[in-house]
Amino acid sequence: QVQLVESGGGSVQAGGSLRLSCAASGRGFSIYRMAWFRQTPGKEREFVGSTWSGRTDYADSVRGRFTISRDNAKNTVYLQMNSLKPEETAVYYCAAGVPAGPGRARGTYEYWGQGTQVTVSS
């Protein structure tokens, strides 16, 4: 069993930066693929990026601006977001799942955090 708690959300102006954190409790953190998704009202939860075994993957819309990192000693994964855009206003979720399976698919991830709101104003 893994519990995930996100933090670091807030309000920022367009072009600004935020860093989200996701702290995991439970054992075996290092074996999990960790990912970030985001969701706006009325839309499906969409993949932002993931990390596992030293590799990262990003949605095309965020590649080059967002960076995922993890600290296995601290059971924490981070999402550094730069050059934020108003359309990226959403609730951002952290997720943990088994490494096998499509990294961009929501179904790969068994554990989810409660989400943290990110608001980008123009």
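Conventions we followed
Residues numbered from 1 in each chain as written. Predicted model: local features only at pLDDT ≥ 70, side-chain atom pairs only at ≥ 80, totals over all residues. Heavy atoms only, no water. Helix = DSSP H or I, 4+ residues; strand = E, 2+ residues; numbered from the N terminus. Rg over C-alpha atoms; globule rule 2.2 N^0.38 Å. Buried < 20%, exposed > 50% of the residue type's maximum accessible area, 1.4 Å probe, protein only. Contact = heavy atoms within 4.5 Å. Areas by Shrake-Rupley, 256 points an atom, 1.4 Å probe, with all protein chains shown as cover. Phe/Tyr/Trp six-rings, centres within 6.5 Å; stacked < 30°, edge-to-face > 60°. Lys NZ or Arg CZ within 6 Å of the ring centre and 35° of its normal.

1. A closer look at the overall build of the protein chain
Looking only at helices and strands, the protein chain features zero helices and 11 strands. Ordered by position from N to C terminus, the α and β elements of the protein chain give β-β-β-β-β-β-β-β-β-β-β. Computed over the C-alpha atoms, the radius of gyration of the protein chain is 13 Å, within 12% of the 14 Å expected from 2.2 N^0.38 for a compact globule of 122 residues. In terms of principal-axis extent, the alpha carbons of the protein chain reach across some 40 × 25 × 25 Å. Taking all 122 residues of the protein chain together, 43% fall into the buried category. For the protein chain, long-range pairs separated by at least 24 residues make up 59% of all intrachain contacts whose partners lie at least 6 apart in sequence. Entry remark: accessible area of the protein chain is about 6,200 Å², with carbon and sulfur atoms responsible for 47%.

2. Comments concerning the packing of aromatic side chains
Under the criterion given, the structure shown has five aromatic pairs. Measuring from ring centre to ring centre gives 5.7 Å for F37 and F47, while their planes differ by 75°; the resulting arrangement is edge-to-face. In this pair, F37 sits in strand β4 (residues 33-39) while F47 sits in strand β5 (residues 46-52), placing the two residues 10 residues apart along the sequence. Residues F37 and F47 agree in their burial class; the two are buried. Consider the rings of Y109 and W112, whose centres lie 6.3 Å apart with planes at 75°: the pair is edge-to-face. Through a chain of ring-to-ring contacts, the aromatic side chains of F37, F47, Y109 and W112 assemble into a single cluster. In this arrangement the basic side chain of R70 is found over the ring face of F29, its NZ or CZ atom lying 4.7 Å from the centre.

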